[in-house]
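Observations on the model geometry
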Amino acid sequence: MSRYSFSVATMVGLLALSSCGKDEKPYKGAGAGEEPEATSPEPNLRRLTRQQYLNSVSDLLDPGLVMPSALEPDESADGLLSIGAARSSLSPLGVENYEDAAYDLAEQAMEPGSVRDRLIPCNPTGDSDDACARQALEDLGVLAWRRPLTSAEIDDLVDIAGTAGTTLGDFYDGMELAIGYLLQSPHFIYRVEIGEGGVFTDYEMASRLSYFLWNTTPDTALLDAAAAGGLSSADDVAAEVDRMLSDPLARRGFRNLIDEMLELDKLEGLAKDPDVFPAMRSEIGPSSREETLSMVEALVFDRDDDFRTWLTTRETWIDVNLAMIYAVPAPSLDGFATATLPANGPRRGLLGQSSILSMHAHPVSTSATRRGLFVRKTLLCQSIPPPPADVDTSIPEPTPDALTLRERVASHLEEPFCANCHLAMDPIGLALENFDGIGLYRETENGATIDPAGDLDGVPFKTPEEFADVLAANPLFTGCMADTVYAYASGHRPELGETDYAHWLHKRFRDENYSMMALLREVATSETFRTAPEVSP
Amino acid sequence: MSWHRKNGRLILDRRTLLRGTLGGVAISLALPPLEAMFNTTGTAYALDGILPKRFGLFFWGNGNRPERWIPASTGVGADWDLSETLQPLVNVKQWLTVVTGMDVKLPNDSPHSSGAAGILSGASLGDILDDNSFTEPSIDQVIAQEIGGDTLYRSLETACGGSTGRSFNGPNSKNPPENSPIAFYDRVFGPTFREPGDTEVDPKLGLRRSVLDGVLGQITDLKSQVGSADKARLDQHTEGLRDLESRLAKLQEDPPDLEACVKPNPPAAEYPDIAGRPQMDETNQVMAQMLAMAMACDQSRVFSHWFSDPVNDILFPNAAAGHHDLTHNEGGDQPGVQEITVQSIAAYATLLEAFAAVPEGDGTLLDNCAILGCSEVSLGQTHSILDMPILIGGSACGALKQDHHHQSLGGENASKVLLSLMLAMDINRTDFGTNEGFVDQPLSALFV
């Protein structure tokens, strides 16, 4: 598959990295103008991610059900689970898990009670009652498959419910089998968005918008809009998108985007050596995940700030665990609350958060290379190849002449061969050396003063605070955010045929003063997002 | 001979027959009428009195220290002694083969990932910038395709320490392993596991099969509307559904009555990390015992067990840093790395011991297995894929030599070991691997 990361293609070195930065700069002045035509790759099936599956079943059955814990793990591709969901295949164990989950959920839903009464709006007349089954399954079917069912499909479901009801001697036991069918169907497990005549159908658009903005199955209003043919034009879509963005579900959807982009799930099993980091607690990983998500949620949905302030703001959202790491008073002794980090202090923005600092480090130390790689790959959308296999990548032990990490990794930058890539990573990571492997601030390492100064592709900085400004001002960062939002929405990184579109999106983001809300709306309403190139079977 | 009554028929207790085998070869025994030999499943476990062969894979990450790995002398039995790193295998040396001097010949483009793809699939990695996928199925799945069809599970995958494993059915098609001992127990020995004599069949099984038929039909229809990449993905999905369907069909039949099968006790509900360190030995121990019983109870004939992943940075007990970190940053002859490698080999020994402890026929379950132990590199420090660490436990019912150190002096292609294992499993293959990983000759020295 040809994959072309838009902001920077496959980069093998610093020269290419810096020249690319220059390409991005010249759009001053004129607005973005009309959306250019794009040639997108053929659409393909996207399997519901684990989170999408859980959100969808709780929406279509009931949020109070006990959710299955065993589901096929998501695979990341090109940095996002959403892209992996468009590429990876389901394992035999995954099929088995889906079956278990389907019947477990169906059984819960068919226990006597309000959930069953809502899902089965009729009184069955016997162990099998085709009319009642049909009535229930028609409604549930639309919600589950995100489109009306054909009469043959309904007949199959009613048949299964009837046979099973008769065999098992109970109408609701029979319905469990039919619900189990709905939930194991490829029309539930995959998002079947393959278009018709070059565009996504109204129902497919309902599903695309819903999973993009809410990370769940379309609600009744979206499905009704689709039924009325109301998701075809830009204006129609815009009206729905406005409604969706003002719904609290959009917050959950955006948190999921950031969670995928930053791979924050890794914080759940964060391992740090307690001898090296006595302040480490098992709660710190999950707490820092919550901080990162809540802080960006408030930035976008409460304040709709310029998104570049993600890297520079001192406004955050912490609990007692993080207050300890950040050496600030806890804003609340009970859970999370907003906090403002000290003005002029070294810590601010995303790169001052324990989540990022501890994930991109070793269990016993920091790592300039890992932190630098994170910034290049995730925040600037640049690719750096893995080191060649046959080089010794060891970092020397501290000696009296080389006490700090900067001095110890100097060899990376002296060897021309290593420097090619490490010059792109290490100076960035070294800018964050004042934060140790779990994010505690420090001024010295092994008794020697840490020097965080460096430059990002020629733009100098002296401190971590200055580095945050330099990174935030880099157009590659905002371009990367636009690319990432599009990749999350579409299931692929912008490809060659979408270069103009991606450039246009960058400019629209800039024209809208880097409002993330505006960017989400822009992607959701763009023609490219509605266009479905013909699939060649 | 002992007979028991099942579903109105007299059935010959299989253990009577199994006792009459030695090393997998039937010794003189008057065979009873065929119908009586089989239970009603007809799965023919003891077909012609020969026990089934099983294949296992044990994987640990980050390689070894070759200078402390390679046994000093070669040969069989008393001719060779375990090296320093292999000492934990002392109790199972009689079943062990150590193969040294074999190289992965494929390009080492991506440290750790290329080696893993090479040693497990004989092929190169998909994409070095996004190295999540192999291009070809891993050896456990190649073998499972051939010998996994008669059991409830085509293959079983387990892991320790949060490992994600490298078992692939093909590109972007990974088999995720189970890390939770209790979840693995529930899957294999939980409510669906029926002891011999349990003749009650769940009436839902047949209904679930008709649902799967419907789902399979829908997938077939969908395949005509999608592109070639999605077709391949739907084919994988179809295979999983067919596996499940055949499992449900087998569950509708009477469970086999197997001499060696004893339902194990459930493991602890949780094995939480202790001071940031996963309980590697404890989870490995219970997984090993459950895997042995899963094979003895013929729930599956193929497994992979991922003790640790390539590039894992697990904090092992007593280690000064994460495993991968140590392989690069520990100085000298790396005593910390060595200790972790020894712990990994001890975990392999635990697995082999669990299999050797199960009597089967006139030998043990381990006699009827070949359990490959390998890692993605040799010297982790330099990501070397020369002189790869390769171990085999068991003789595959007498096909392979045991208590054997074979050293290849010419730096032969490691894919030859994989081809040899397939032949030992009676799989009719003449070659294995692609490009530089291609071989059309096995390593004949491994065979009896």
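Residues numbered from 1 in each chain as written. Chains lettered and ligands numbered in written order. Predicted model: local features only at pLDDT ≥ 70, side-chain atom pairs only at ≥ 80, totals over all residues.

Digging into the overall build of chain A
For chain A, the helix and strand inventory stands at 25 helices and 8 strands. In terms of overall size, chain A behaves like a compact globule, its C-alpha atoms giving a radius of gyration of 26 Å where 537 residues would be expected to give roughly 24 Å. In terms of overall dimensions, chain A has C-alpha extents of about 85 × 55 × 45 Å along its principal axes. Residue pairs at least 24 apart in sequence account for 69% of intrachain contacts in chain A once pairs closer than 6 positions are excluded. (Helix = DSSP H or I, 4+ residues; strand = E, 2+ residues; numbered from the N terminus. Rg over C-alpha atoms; globule rule 2.2 N^0.38 Å. Contact = placed C-beta atoms within 7 Å.)

Quick look at the overall build of chain B
For chain B, the count of helices and strands is 11 helices and 16 strands. The buried share among the 448 residues of chain B stands at 55%. Taking all contacts inside chain B whose residues are at least 6 apart in sequence as the whole, residues at least 24 apart take part in 69%. (Buried ≥ 20, exposed ≤ 12 C-beta atoms within 10 Å, placed from the backbone.)

What to know about unusual backbone geometry
Unlike most non-glycine residues, Asn215 of chain A shows phi in positive territory, near 60°. Mapped onto the elements, Asn215 of chain A comes out in the loop between helix H10 (202-213) and helix H11 (220-227).

A word on the nonpolar core
Residues Ala178 of chain A together with Ala370 of chain B are the most contacted members of the largest nonpolar core, which totals 253 residues. Contacts of Ala178 of chain A, omitting those with residues within four sequence positions, involve Ala133, Leu137, Leu157, Ile160 and Ala161 of chain A. In terms of nonpolar packing, the next biggest core, distinct from the first, is built from 10 residues, Phe277, Met280, Ile325 and Phe336 of chain A among them. (Core = buried A, V, L, I, M, F, W, Y, C linked by C-beta atoms within 7 Å.)

Let's talk about the confidence of the model for chain A
Looking at chain A as a whole, its pLDDT mean stands at 92, while 94% of the residues score no less than 70. Across residues 1-27 of chain A, where pLDDT falls below 50, the model places 50 contacts with residues more than four positions away in sequence or in other chains. (pLDDT = per-residue confidence, 0-100.)

Let's talk about the interface of chain A and chain B
Interfaces are often sized by the accessible area lost when the parts come together. At the interface, 59 residues of chain A touch 55 residues of chain B. Residue assignment for the side of chain A that touches chain B shows that the elements contributing at least two residues are helix H4 (92-109), helix H7 (151-168), helix H8 (171-184) and helix H9 (186-189) of chain A. The residue inventory of the side of chain A that touches chain B, partitioned by class, reads 27 nonpolar, 19 polar and 13 charged. (Nonpolar A, V, L, I, M, F, W, Y, C, P; charged D, E, K, R; others polar.)

Here's the deal with the pairing of strand E15 (residues 390-393) of chain B
Residues and elements named next belong to chain B. With burial as the criterion, each face of E15 is covered, one bearing Ile390 and Ile392 and the other bearing Leu391 and Gly393. Relative to E15, strand E7 (residues 96-103) runs antiparallel, the two sharing 4 bridges. When the sheet's bridge partners are listed, Val98 is paired in E15 with Leu391. (Pairing = 2+ DSSP bridges.)

Let's talk about the confidence of the model for chain B
Considering every residue of chain B, the mean pLDDT works out to 88; 89% of them sit at 70 or more. Counting contacts from residues 1-48 of chain B, a segment whose pLDDT is below 50, to residues more than four positions away or on other chains yields 85 contacts.

A word on the environment of Ser167 of chain B
All names here are of chain B. Relative to the helices and strands, Ser167 is located in the loop between strand E8 (156-159) and strand E9 (168-170). Sequence-wise, Ser167 and Ser395 are 228 residues apart; in three dimensions their C-alpha atoms are separated by 23 Å. Contact partners of Ser167, with chain neighbours within four places excluded, come to Ser138, Asp140, Gln141, Glu157, Lys174, Asn175, Pro177 and Ser304.

A few points about the sheet that holds strand E6 (residues 75-76) of chain B
All names here are of chain B. Strand order in the open sheet formed by 8 strands is E6-E16-E7-E15-E14-E5-E11-E8, with mixed pairing between adjacent strands. At either margin of the open sheet sits one strand with a lone partner, and together these are E6 and E8. By the bridge criterion, 2 bridges tie E6 to strand E16 (residues 404-413) in an arrangement that is antiparallel. Paired with Gly75 across the two strands is His405, which belongs to E16. Contacting strand E5 (54-59), E8 and strand E11 (302-306), helix H8 (residues 280-296) crosses the sheet at an angle of about 170° to E8. (Axes fitted to C-alpha atoms, helices over the stretch in contact; angles between N-to-C directions.)

Considerations on the domain arrangement of chain A
Residue and element names in this part refer to chain A. For chain A, the assigned domains read domain 1 (46-191) and domain 2 (256-473). For domain 1 versus domain 2, the distance between C-alpha centres works out to 43 Å. Taken together, the residues of the side of domain 1 that touches domain 2 sort by class into 2 nonpolar, 3 polar and no charged. (Domains from an automatic or database assignment.)

Digging into helix H21 (residues 464-473) of chain A
Residues and elements named next belong to chain A. Of the positions making up H21, those classed as buried are Pro464, Glu465, Phe467, Ala468, Leu471 and Ala472. End-on view of H21: buried residues confined to an arc of 160°, all on one side of the axis. If you follow the buried residues of H21, they end up packed against helix H17 (368-379), strand E7 (454-456), strand E8 (459-461) and helix H22 (475-490). (Arc of directions from axis to C-beta.)

What to know about the packing of H8 of chain B against helix H10 (residues 335-356) of chain B
Residues and elements named next belong to chain B. Viewed as axis vectors pointing N to C, H8 and H10 meet at an angle of 30°, and their least axial separation amounts to 8 Å. Compared by their axis directions, H8 and H10 come out roughly parallel. In the packing of H8 onto H10, the handedness of the crossing is right-handed. Two secondary-structure elements touch here, H8 through Met280, Asp281, Asn284, Gln285, Ala288, Gln289 and Ala292 and H10 through Ala347, Thr350, Leu351, Ala354 and Phe355. For the contact of H8 with H10, a count of residues per class yields 7 nonpolar, 4 polar and 1 charged. (Parallel < 35°, antiparallel > 145°, perpendicular 65-115°, else oblique. Left-handed = near helix turned anticlockwise from the far one by under 90°.)

Let's talk about H8 of chain B
Compared with an ideal rise of 1.5 Å per residue, which puts 17 residues at 24 Å, H8 of chain B spans 24 Å between its outermost C-alpha atoms and is within 8% of the ideal. Looking one or two places after H8 of chain B, you find Asp298 of chain B, whose phi comes out positive at around 55°. (Expected span 1.5 Å × (residues − 1).)

Brief notes about the environment of Tyr190 of chain A
All names here are of chain A. As for its placement among the helices and strands, Tyr190 is situated in strand E2 (residues 190-191). In sequence terms Tyr190 and Thr49 are 141 residues apart; their C-alpha atoms lie 9.4 Å from each other. Ignoring sequence-local partners within four residues, the contact set of Tyr190 consists of Leu45, Arg46 and Arg47.

Some remarks on the environment of Gly447 of chain A
All names here are of chain A. Relative to the assigned elements, Gly447 resides in the loop between strand E5 (444-445) and strand E6 (448-449). Classification of Gly447 as exposed rests on a count of 9 C-beta atoms within 10 Å. The sequence separation of Gly447 and Met324 amounts to 123 residues, and the corresponding C-alpha distance is 23 Å.

Remarks on the packing of H22 of chain A against helix H24 (residues 516-525) of chain A
Residue and element names in this part refer to chain A. At a minimum axis distance of 10 Å, the contact between H22 and H24 shows a crossing angle of 45°. One way to sum up the angle between H22 and H24 is to call them oblique. In the crossing of H22 with H24, the sense of the turn from one axis to the other is right-handed. Facing H22, whose interface residues are Ala482, Val485, Tyr486 and Ala489, H24 presents Leu519, Leu520 and Val523.

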